[in-house]
Amino acid sequence: MLAGIALTLVSLWYGQNHGLLPVAASNEALLVDGLFNTMMTISIGLFLLVEGVLIIAIFRFRRAKDDTTDGPDIDGNIPLEIVWTGIPAVIVLVIGVYSFDVYSQMGGFDPNAAGDPAVTQVAMTGEGEYGAPLMNGSNPHGGHHHMALGIGASPEKAGQMADLTVDVMGLQYAWIFTYPETGIISGELHVPQGKDVRLKLKAQDVIHAFWLPEFRLKQDAIPGRDSELRFTPTRAGDYPVICAELCGAYHGSMVTRMYVDTPEEFEAWKQQQIASRPDINEVIASLDRPRTDVDYLTPYADDMGLEPEMLRSLHESHTGAEVLTQSL
Amino acid sequence: MTQVDIPASVPAQSSPHAEAERKWTDFFTFNSDHKVIGIQYLVTSFVFYLIGGALATAIRTELATPPSDFVSPDFYNGMLTLHGTIMIFLWVVPAGAGLANYLIPLMIGAKDMAFPKINALAFWMIVAGGALLLSSFWLETPQSGWTSYPPLSLVSGKVGEGIWIFSLLILGTSSILGALNFVVTIIKMRVPSMGIYQMPLFCWSMLAAGLLILTGTPVLAGALILLAFDLLAGTAFFNPTGGGDPVVYQHMFWFYSHPAVYIMILPLFGAISEILPVHSRKPIFGYRAIAYSSMIISFLGLIVWAHHMFTSGTPAWLRMFFMIATMIIAVPTGIKVFGWLATIWGGKIQLNSAMLFALGFIATFVIGGITGVMIASVPFDIHVHDTYFIVAHIHYVLFGGSVFGIYAALYHWFPKMTGRMMNETWGRIHFGLTFVGMNLTFMPMHELGLLGMNRRVAMYDPRFADLNVLCTIGSYILAVSTVPFIVNALWSWFKGKLAGDNPWNALTLEWQTTSPPAIENFEGVPVLTTGPYDYGKTNEALESPSTDTPVLSS
Amino acid sequence: MQGSTIDTAQSPLNYPSEAGGHHEDHPDHRIFGILVFLFAEGMIFAGLFLAYLTFRAVTPVWPPAGTPERELLLPGINTLILIASSFVLHRGDTAIKNNDTKGMRLWFGITAVMGAIFLAGQLYEYSNLEFGLKTNLYASTFYVLTGFHGLHVLFGLVLILAVLWRSRQEGHYSSSSHFGIEAAEIYWHFVDVIWIILFLLLYLL
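Here the structure is a predicted model, which is why all the values come from computation and not from measurement. In every chain, residue numbers begin from 1 and rise along the written sequence. Labels follow written order: the first chain is A, the first ligand is 1, and so on. Totals for whole chains, interfaces and linings use every residue, but because this is a predicted model, local features are given only for residues with pLDDT of at least 70 and side-chain atom pairs only at 80 or more, for both listing and counting. By convention in this description, side-chain values take in all heavy atoms of the structure and omit both hydrogens and water.

Caption draft 1: Main features of the overall build of chain C. In DSSP terms, a helix is any run of H or I states spanning at least four residues, a strand is any run of E spanning at least two, and both are numbered starting from the N terminus. In terms of regular secondary structure, chain C is built from 5 helices and 1 strand. Its helices and strands taken in sequence order, chain C reads β-α-α-α-α-α from the N to the C terminus. Using a 1.4 Å probe on the protein chains alone, a residue whose accessible area is under 20% of its type maximum counts as buried, one over 50% counts as exposed, and one in between counts as partly exposed. Burial statistics for chain C: of 205 residues in total, 49% are counted as buried. In chain C, once contacts between residues fewer than 6 apart in sequence are set aside, the share between residues at least 24 apart is 79%. By definition, residues are in contact when any of their heavy atoms lie within 4.5 Å.

Here's what the structure looks like:
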């Protein structure tokens, strides 16, 4: 009994104070963290229970050296078995309902984002010659108005337009962000704090996955399909953007940053981008240089204490350069 | 409690077939004896385990530091692909098949499997498929992960990917042929006195695993055939550029590959259910519950595959359905874990190597089970999918579960297979190193994944460096931990203490014949006089079974 | 284990007094084995069929625009031939159960011819189709599904021919021992059923 109370208290305490998750930068992230804390509480309880029983059994029920007799003949206990079938069943049901609720609040059921769209038909490049899907140039996402996959608007924002929409293109090995309203193209994502942001994800070559750990959001970008992530950043700062689906040799370097700016900072950044829009040939020239592993580590440079200015240049491979040419 | 005392040797056992002696060369030929095949499977798969382990050690060496500095990123992807493929298709699956081959006929009192030649064929296909896969080291390594998702798998090297596909087709066929044997043998070839509820639980779990193999593996074969057409003939089933859909591949792949984790864990669930009662001298707790839970896991295992695709091209309703179905699997799994705990509770536990690994199995598997429920939850899985949290989870299930289970089974049945005991001291050292190494390697990965480290990367953010060093140290301990086992097994095989027929005083049929068993296993058709787990049962209890033990009465 | 006793001095094993049990009849599990194997075979087709249906469902226009029309007459006749052959084959099975080897040979021979006509018809269809393997997704699934099925027909044909070859020997098959015949028949029916589903999916749906 005492052990049970202690176990419950320890679980409750640890479930709230595990400190395992990174900072939560949106309200949706806080919802996920609440769910995780709850699961952590139950998990720690279960973990301690099982390991405790194991350890106690090992010490209490060891066979004495000269004891060759058998243990007691107990081969079942129906009420006990019903209890340990029923309680887990109830627990997973509760977690299931809780998860359902969190998913719904995040916008998982937004009909504009949650449907399974038709695959866009891609124009043939000639009888039988598909070759590699890479660098095919043509954007496979025609003018279809089909629904996207992923996390859409939260229920209270259902049906409303997002404050800012950004087109995200994943390609080996970079993310390219296009702001359709201003025509800004950038290798880093800037979004205004407190605004409803909608990212439209596409992939150029292979499957990528767009992951924002601090926002607990992830969605695959699949060639031929559109998907989206919609969220409201509440905490200013800069956060990693990571590709989470194996996409080739330099998958690990397909990293960039997302800056959550105050609205003023965001406006300033926008103006600066529009003003200093570099000559497209320069951009491509800078992208086309041969790369070494050191270049692939530049996304991490700030963690190594380098100046942020050094990160300014885009860091795509040749693939990136070609796509940029086509999309600009 | 009177003791069930079994004399060391069963009725005057002269080998029933003195003219047909086992020769050591049998192990290197197309031999159709299930015991030979079982050992062939186990030894071969262990060799592949060492190869896969060497790859894992190399991967961890690369990851000891953030930049990509140990091998080239291409080769790194090749290593992780081969590590996953080898560990799954050439180590855990065939090791389970090896145990099944060795044990099923002995446990049910049969002379051999139903189709001994097909059985031998299934084994030699493992060798062929494995050799083909290894040839990729010299030609070109497959580099798109063991999941081999198109379109990446279509553009990362035809030769390597082609080798991977055909190797898997061979290994899959082998697996189907093996499962065919298990299912037919278990259903049709039990001794007449053994009803389905007198069958050892290992047979139940192999029946469940066999049905999963027969249902799932062909669908994987279908996916691989289509992928091969895309790769080699230029069709576009999974290639969006030609109108195909890569997500269909993911569905077909996971329709097999999720059940595959049950195919890999169910045999060991069965083995644990055998080992615990013997070494705690107590009947298994809740025989029918454990038997049924195997079948329920087998069925549910078929309808949860899309939980690997919660961030992929799956609509919301599908994500919710697969979330609930996945979580429900925790219930039958829980029944097993609690049943095992109740089995050892109050028993007379002998902490030998087999038991240590069996208890270690429960201790670590439960962590994998708990994180399994967590990642079934869609909102949380969206955060940790494709991160090191998943890597940690899968290794707690497949290393903390399957590999610990295989070790437990090897220590437990080694005396039966070879007639000799393994060295206890070295067994305990082996357990200690494995347990510490395993937890040190994989526990920090949970935190890495939560913090934001994605999986399958050769280079990573330097802020993760410290935890990665811990993981790498753990992996080196794991690498070292295999040495005492190998030395112990080899030495004991030839020089170990003679075991006698039944060193553990166990009740299942395989212990009632000689060690190692004669070529046709039993002299005549054995007749059961006790249940498989009737430890501590007194004569009176058996003659008038008390009403509060309905579980074993049939 | 109700009613069983444990004598503590005795092994839990009782060997029957008349030891030497390896003379007893080996019950034949081969038919059961074939059924289990065909279940697995069926799962390959099930996987491919479901993949086909998914492609169909997610593609806006199916078959994709520009797929040439296909005539149904030849495949329809082919289908009838294959279905009929199953009944013909079954008469062979009935014949051997009456120890009528000659009749069995006749019916099996006719089935083999019908199977060969089916395969030839399919090859003829392939050579006259206006699309190739790589024309579009529909064409690819069409060729792979029918081709994979065709391989199974071919294998079934080989089984039937093997039965005919072996039956030259007097008394190889009898009313009590005709595993090969049953195996070939079960397999042929399986191939037939798969074709019916395939025909519905690819031609009619």
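Caption draft 2: Looking closely at the overall build of chain A. The secondary structure content of chain A amounts to 8 helices and 11 strands. Looking at chain A as a whole, 52% of its 328 residues are labelled buried. Here the contacts in chain A between residues at least 6 apart in sequence split such that 73% fall between residues at least 24 apart. We get accessible surface area from the Shrake-Rupley algorithm with a probe of 1.4 Å; when it comes to residues, only the shown protein chains can shield them. Accessible area of chain A: about 14400 Å², with a carbon and sulfur share of 62%.

Caption draft 3: Spotlight on the nonpolar core. One finds Phe210 of chain A together with Trp340 and Phe361 of chain B to be the most contacted residues of the largest nonpolar core, which totals 318 residues. Each of two domains, domain 1 (2–57 + 80–106) and domain 2 (111–127 + 139–286) of chain A, supplies a minimum of three residues to this core. Here tryptophan 340 of chain B is in contact with Phe269, Ile272, Ser273, Leu276, Ile284, Ile290, Phe361 and Ile362 of chain B, once residues within four sequence places are set aside. Grouping buried Ala, Val, Leu, Ile, Met, Phe, Trp, Tyr and Cys residues that are joined through side-chain atoms within 4.5 Å yields what is termed a nonpolar core. Listed in part, the 5 residues of the second largest apolar core include Ala209, Ile242, Ala244 and Val255 of chain A. Boundaries of every domain are those given by an automatic assignment or by a domain database.

Caption draft 4: Structural detail: the domain arrangement of chain A. All names here are of chain A. For chain A, the assigned domains read domain 1 (2–57 + 80–106), domain 2 (111–127 + 139–286) and domain 3 (293–327). The term buried area means the drop in 1.4 Å probe accessible area that two parts suffer when joined, counted for both and summed. In total, domain 1 and domain 2 occlude about 1200 Å² of area from one another, counting both sides; carbon and sulfur atoms represent 57% of this. Contact with domain 2 buries area across many residues of domain 1, yet Val23, Ala25 and Met106 alone supply 43% of it, more than any other trio. Salt bridges are defined by distance alone: a side-chain nitrogen of Lys or Arg within 4 Å of a carboxyl oxygen of Asp or Glu. At the junction of domain 1 and domain 2, the tally comes to 1 salt bridge. Among the salt bridges present, the one from aspartate 33 reaches arginine 216, with a minimum N-O distance of 2.6 Å.

Caption draft 5: Expanded view of the confidence of the model for chain C. Residues and elements named next belong to chain C. Looking at chain C as a whole, the pLDDT averages 83, with 87% of positions reaching at least 70. The pLDDT value tells you how sure the predictor is about a given residue, anywhere from 0 up to 100. Ranking the elements of chain C by mean pLDDT puts strand β1 (residues 13–14) last, at 44, and helix α4 (residues 137–166) first, at 93. Throughout residues 1–25 the model reports pLDDT below 50, and contacts reaching past four residues in sequence, or to other chains, amount to 61 contacts. The ipTM for the predicted assembly is 0.88, set against a pTM of 0.88.

Caption draft 6: Spotlight on the pattern of salt bridges. Considering all chains together, one arrives at 14 salt bridges over all chains under this definition. The partner of arginine 257 of chain A in a salt bridge is aspartate 238 of chain A, and the shortest N-O contact between them spans 3.0 Å. With a gap of 19 residues between them, arginine 257 of chain A in strand β11 (residues 255–261) and aspartate 238 of chain A in strand β10 (residues 237–243) connect regions that are remote in the sequence. You can call aspartate 238 of chain A partly exposed: its relative accessible area is 33%. Of the charged contacts in the structure, one is a salt bridge between lysine 97 of chain C and aspartate 93 of chain C, with a shortest N-O distance of 3.0 Å. Linking lysine 97 of chain C with aspartate 93 of chain C, this pair stays in helix α2 (residues 73–97), spanning 4 residues, or about one helical turn. On the basis of relative accessibility, which here comes to 44%, the residue lysine 97 of chain C falls in the partly exposed class. Take aspartate 93 of chain C: its relative accessible area is 3%, and that puts it in the buried class.

Caption draft 7: Layout of the interface of chain A and chain B. Each partner contributes residues to the interface: chain A has 104 residues there, and chain B has 107 residues. For the pair chain A and chain B, the two sides together bury roughly 8800 Å², of which 68% comes from carbon and sulfur. Counting across the chain A and chain B interface gives 3 salt bridges. For this analysis, a polar contact is any N or O atom pair within 3.5 Å, provided that within protein one partner can donate a hydrogen and the other can accept it, and provided that sequence-adjacent residues contribute only side-chain to side-chain pairs. At the boundary of chain A with chain B, the tally comes to 24 residue pairs in polar contact (both at pLDDT 80 or more). Those elements giving two or more residues to the side of chain A that touches chain B turn out to be α2 (27–60), α3 (78–106), β1 (149–151), β8 (217–221), β10 and α7 (293–296) of chain A. Counting residues per element, the side of chain A that touches chain B draws most heavily on α2 of chain A, at 17 residues. Residue classes in the side of chain A that touches chain B are distributed as 62 nonpolar, 24 polar and 18 charged. Each residue is assigned to one of three groups, with Ala, Val, Leu, Ile, Met, Phe, Trp, Tyr, Cys and Pro labelled nonpolar, Asp, Glu, Lys and Arg labelled charged, and all others, Gly among them, labelled polar.

Caption draft 8: Spotlight on the confidence of the model for chain A. Residues and elements named next belong to chain A. Confidence along chain A averages 78 in pLDDT terms, with 73% of residues attaining 70 or more. The least confident element of chain A is helix α8 (residues 318–327), whose mean pLDDT is 43; the most confident is strand β7 (residues 208–212), at 95. In the model, residues 116–146 has pLDDT below 50 throughout and makes 79 contacts with residues more than four positions away in sequence or in other chains. Taken as a whole, residues 301–328 scores under 50 in pLDDT and shows 57 contacts with residues more than four places along the chain or in a different chain.

Caption draft 9: A look at the pairing of β11 of chain A. Residues and elements named next belong to chain A. Most of β11 is tucked away: 7 of the 7 residues are buried. Burial of the side chains of β11 extends over both faces: Val255, Arg257, Tyr259 and Asp261 are buried on one face and Thr256, Met258 and Val260 on the other. Across 4 bridges, the pairing between strand β5 (residues 189–192) and β11 is parallel. Counted as the bridge partner of histidine 190 is tyrosine 259 from β11. At least two DSSP bridges between two strands are needed for those strands to be called paired. Sheet topology places β10 next to β11; 6 bridges connect them, and they run antiparallel. Residue pairing for β11: valine 241 is matched across the bridge by threonine 256.

Caption draft 10: View of the environment of leucine 164 of chain A. Residue and element names in this part refer to chain A. Its location among the elements puts leucine 164 in strand β2 (residues 164–171). In this structure leucine 164 comes out as buried when scored by relative accessible area, which is 7%. When the C-alpha positions of leucine 164 and valine 10 are compared, they lie 44 Å apart, and in sequence the two are 154 residues distant. When sequence neighbours within four positions are dropped, the list of residues in contact with leucine 164 reads Tyr179, Glu181, His190, Val191, Pro192, Asp196, Val197, Arg198 and Phe266.

Caption draft 11: Representation of the environment of threonine 59 of chain C in the model. All names here are of chain C. Note on placement: threonine 59 falls in the loop between α1 (30–58) and α2. The exposure class assigned to threonine 59 is buried, which follows from its relative accessible area of 6%. Between the alpha carbons of threonine 59 and leucine 89 there is a distance of 40 Å; along the sequence they are 30 residues apart.

Caption draft 12: Geometry of the packing of aromatic side chains. Geometry of aromatic contacts follows a simple scheme: Phe, Tyr and Trp rings, the Trp one being its six-membered ring, pair when their centres are within 6.5 Å, and the pair is stacked under 30 degrees between planes, edge-to-face over 60, tilted otherwise. Counted according to the given criterion, the structure contains 79 aromatic pairs over all chains. Centroid distance phenylalanine 100 of chain A to phenylalanine 109 of chain A: 5.0 Å. Interplanar angle 40 degrees. Geometry classified as tilted. Classification of phenylalanine 100 of chain A as partly exposed rests on a relative accessible area of 41%. For phenylalanine 109 of chain A, a relative accessible area of 30% gives the class partly exposed. With a centroid separation of 4.9 Å and 65 degrees between ring planes, the pair formed by tryptophan 305 of chain B and phenylalanine 322 of chain B is classed as edge-to-face. Of this pair, tryptophan 305 of chain B sits in the loop between α8 (287–300) and α9 (316–328) while phenylalanine 322 of chain B sits in helix α9, and the two are 17 residues apart along the sequence. Every member of this aromatic cluster is reached through a ring pair, and the members are Phe46, Tyr49, Trp91, Phe357, Phe399, Phe404, Tyr407, Tyr411, Phe431, Phe435, Phe442 and Phe485 of chain B. Distance and angle both matter: a charge sits over a ring if NZ of Lys or CZ of Arg is within 6 Å of the ring centre and within 35 degrees of the ring normal. The ring of phenylalanine 32 of chain C has lysine 188 of chain B sitting right over it, with the charged end atom 4.9 Å from the ring centre.

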